[in-house]
Amino acid sequence: MQFRAVKGMNDILPGEIERWQQLEHSFIRLAKLYGYSEVRTPQLEPLALFQRSIGETTEVVEKQMFSLERGRETLALRPEGTASIVRAYVNHSLFAKQPVSRLFYLGPMFRAEQPQRGRYRQFHQAGCEIFGDPGPACDAELVDMLVLLFQNLGISNLSVEVNSLGDAQAKERYKDLLKAYLLPRAATLSEHARQRLQDNPLRILDSKDPADIEATAGAPSTLDALSDGDREHFNGLCAALDAMGTPYRVNTKLVRGLDYYTRTLFEISSDKGALGTQNALVGGGRYDGLVRELGGPDVPATGFAIGLERVLLAMPEAPQQRAASCYIAPIGEPALHEALRIGRELRARGIVAEVDGRGGSLKSMLRRANALGARLCLILGDEEVKSGSVKLKDLTEHTQTDAPRTQLIERVTQILAAEQNP
Ligand code: HAM
């Protein structure tokens, strides 16, 4: 008797797992550089948690939950991470410990969708959530962090879209505006959209049906319903993105399919790679009312979740080797020990450094430094150890200088910083 994996759920085998690890490591490293700490929550939660947070009339809750009865409890496999993170944040009173909490998570999520390329029933998300910071600058930093991550992974042709829904009142005002616009056009809408018109008109903007796309083409913009405060927040988001040089486009049709959002919304997609129509790599936004909705105090929050399978489809086939910025080539044992110390000092500064401990010839060490794409090769033998200096070979500029050991770390830092910000 042979069994097959459940429809839409995939095994990840050796040969593929290396790219997963590369992606997960890049994400975790970056999240830590931005000050996030990891949280792990259960994969099963009370079904009501998702009904309450994501919303009863959303596609996810209405059609895609894997739920089960166990005794008197109704449980569900989590379809996303945000609701669980907020539940844990409230349960453990994290708000009482820090005014601002930055949390990240990684793991499988479950949605009973029709499987296709880039869309699965078990998929993986990597997410970041910030609690306690109401300002638009942290929304902008979330977006910029994602652009940096995707660039590091070699993903090109990114499209960054941002929008604002305003606070809970603005959202209601916008729903009314949209309803008023669509009611006279109801006859031209798809059957599904007509049903949505009463309970959740925002979802009509997500419809892929050509009739709905045509009917909503001239619909009012979400920005029309913003209050002065919301508008100031959205302007602050755009100004912070401009200040960082993050590329983006305002898309006033972007509403996203989960009910908890307020104010900032964003999505990043790529048309490169094998993504096809499922090209949203990441979605996110602000959810200032959710902590209170789930029994906590009035704490603003914002975040995103990346779809790891989609990022892997968009990543170049041969994973881009993260070049060792600094290759350290010691000749002889005293030099090797000094090299180990130098390596440690450089990594403490966040500089990628590799020490060649193989004891081979200088020629073979230089060959490896070049193959790795290192910018600098630090060469030291008995003589350098004695005189307290290191030979600094710049593999891009093809120059070589002697640096006093005491100034070495500073010199290396300067050269590599100039490379990143020419
Ligand atoms: P979401 O847009 O539903 O947002 O999902 C985020 C990402 O997960 C999508 O952009 C996509 O890359 C990936 N994804 C979603 N469904 C599937 C699927 N069936 N197969 C493969 N990948 C999928 C959220 O989940 C929010 N919790 C994001 C968030 C965090 N907002 C604020 N904080």
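Residues numbered from 1 in each chain as written. Predicted model: local features only at pLDDT ≥ 70, side-chain atom pairs only at ≥ 80, totals over all residues. Heavy atoms only, no water.

Turning our attention to the overall build of the protein. Regarding its fold elements, the protein presents 16 helices and 16 strands. If one aligns the C-alpha atoms of the protein with their principal axes, the spans along those axes are about 85 × 65 × 45 Å. Expressed as a percentage of the 422 residues in the protein, the buried residues total 49%. Counting contacts in the protein only where the partners sit at least 6 residues apart, residues at least 24 apart contribute 71% of the total. Summing over all exposed atoms, the protein offers an accessible surface of approximately 20,800 Å²; the carbon and sulfur share of this is 50%. (Helix = DSSP H or I, 4+ residues; strand = E, 2+ residues; numbered from the N terminus. Buried < 20%, exposed > 50% of the residue type's maximum accessible area, 1.4 Å probe, protein only. Contact = heavy atoms within 4.5 Å. Areas by Shrake-Rupley, 256 points an atom, 1.4 Å probe, with all protein chains shown as cover.)

Here we take up empty space enclosed by the protein. The full count for this structure, using the stated rule, is one cavity of 30 Å³ or more. Considering only enclosed or pocket space, the largest cavity measures out at about 80 Å³ in volume. Lining the largest cavity, in full, are Thr58, Leu165, Lys171, Asn200, Leu202, Arg203, Asp206, Val255, Arg256, Gly257, Leu258 and Asp259. (1 Å grid on protein atoms, 1.4 Å probe; cavity = no way out; pocket = protein on both sides within 12 Å on 5 of 7 lines; lining within 4 Å. Points joined across faces, edges and corners; volume = space filled by probe spheres on them.)

To continue, consider the nonpolar core. Judged by nonpolar contacts, the single largest core of 91 residues is most densely connected at Phe27, Cys128, Phe131, Phe150, Phe304, Ile306 and Val311. With nine residues, the single largest contributor to this core is helix α6 (residues 136-152). Counting 19 residues, the second largest nonpolar core, distinct from the first, contains Cys326, Leu346, Leu392 and Val412. (Core = buried A, V, L, I, M, F, W, Y, C linked by side-chain atoms within 4.5 Å.)

Here the focus is the site of the ligand. Near the ligand, the surroundings consist of 26 residues, among which Glu80, Thr82, Glu113, Glu129 and Tyr261 are the closest. Between the ligand and Glu129, the relevant distance is 2.8 Å, taken from a nitrogen atom to a side-chain nitrogen or oxygen of the residue. One nitrogen or oxygen atom from the main chain of Gly303 is found 3.4 Å from a nitrogen atom belonging to the ligand. For the shell around the ligand, the elements supplying multiple residues, two or more each, are β6 (122-131), β10 (280-286) and β11 (301-307). (Near = heavy atom within 4 Å. Polar contact = N/O pair within 3.5 Å; in protein donor to acceptor, adjacent residues only side chain to side chain.)

It is worth spelling out the sheet that holds strand β15 (residues 389-394) at this point. As summarised here, the arrangement of the five strands in space is β13-β12-β14-β15-β16, forming an open sheet in which the pairing is mixed. This sheet does not close on itself; its edge strands, each paired only once, are β13 (353-355) and β16 (399-404). Recorded for the sheet is a direction-independent mean angle of 25° between the axes of neighbouring strands. By the bridge criterion, six bridges tie β15 to β16 in an arrangement that is antiparallel. Following the sheet pairing, Val390 is matched in β16 by Ala403. Set on the sheet, helix α14 (residues 362-372) makes contact with β12 (326-330), β13, β14 (376-380) and β15; between it and β12 the angle comes to about 170°. (Pairing = 2+ DSSP bridges. Axes fitted to C-alpha atoms, helices over the stretch in contact; angles between N-to-C directions.)

Each full turn of the α-helix corresponds to 3.6 residues, which orients residues three or four apart in the same direction. Listed in full, the buried residues belonging to helix α8 (residues 191-199) are Ala193, Arg196 and Leu197. In a view along the axis of α8, the buried residues occupy a sector of 120°, so they form one face of it. Facing away from the buried side of α8, by more than 90 degrees, are the exposed residues Glu191 and Gln198. (Arc of directions from axis to C-beta.)

Treat this as a map of the structure, not an account of what it does.
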